[in-house]
Amino acid sequence: VLQAPLRKRALQLRVGQTGGYTGLAYAKLHSALAQRGLQDSVQLLSISLQPQFDTPRHLTQYLQRFTKELDGGWLAARPRDVQQGRILLARLGVVSIPDGMGGITHNAATHIIDQQGRLVRILDEDRTDETLHTLVQLLAGARAERNAL
């Protein structure tokens, strides 16, 4: 269940390990949202799959590598423990497999969640343009609904 402050925004959720390509794709999306004035309407959230490695300090450093300033438009979080992480992964349909070296391999997807906390769409994480388009359409639909009331 999403916490109240996040429920006012559409949520673009990425579950995985910190680093690499995903950070670059998220940074691109973060920038594109700001250019369109949508930074206050969409919350980007990265959730670590490895809470035993991704400490709060590590997550902050991860964000700082890809954003010039931490304006709250992109958050990083982690489950409290491995068991809580497994439950979250199961609910989101994320498959992770131990890689034999202490890490994991996982399917890479972006989850779009609407302002009511409902999962709207799951996209490949490298489809940044499609993710942006989906978010813009979702926000336009929400505005139209509010204006009709």
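Look up a bit, the structure's there.
All of the points below concern the structure found in this document. (Residues numbered from 1 in each chain as written. Predicted model: local features only at pLDDT ≥ 70, side-chain atom pairs only at ≥ 80, totals over all residues. Heavy atoms only, no water.)

1. Things to note about the overall build of the chain
A count of helices and strands for the chain gives four helices and seven strands. Going from N to C terminus, the chain has its helices and strands arranged as β-α-β-α-β-α-β-β-β-β-α. Split into buried and exposed, the 149 residues of the chain put 43% on the buried side. Accessible surface for the chain amounts to roughly 8,700 Å². Of this, 52% is attributable to carbon and sulfur atoms. (Helix = DSSP H or I, 4+ residues; strand = E, 2+ residues; numbered from the N terminus. Buried < 20%, exposed > 50% of the residue type's maximum accessible area, 1.4 Å probe, protein only. Areas by Shrake-Rupley, 256 points an atom, 1.4 Å probe, with all protein chains shown as cover.)

2. Concerning the pattern of salt bridges
Under the criterion given, the structure shown has four salt bridges. Among the ionic pairs, aspartate 114 bridges to arginine 118, the shortest N-O distance being 2.7 Å. Here the residues in one salt-bridge network are Arg121, Arg127 and Glu130, joined through shared partners. (Salt bridge = Lys/Arg side-chain N within 4 Å of Asp/Glu carboxyl O.)

3. A few points about the nonpolar core
Side chains of a nonpolar character, in soluble globular proteins, are inclined to be buried together. Core analysis: the biggest nonpolar cluster contains 18 residues, and Leu29, Leu33, Val42, Leu44, Trp74 and Leu135 have the highest contact counts within it. Taken together, the elements giving at least two residues each to this core come down to α1 (20-35), β2 (42-48), α2 (56-66) and α4 (128-148). In terms of residue count, the dominant contributor to this core is α1 (five residues). (Core = buried A, V, L, I, M, F, W, Y, C linked by side-chain atoms within 4.5 Å.)

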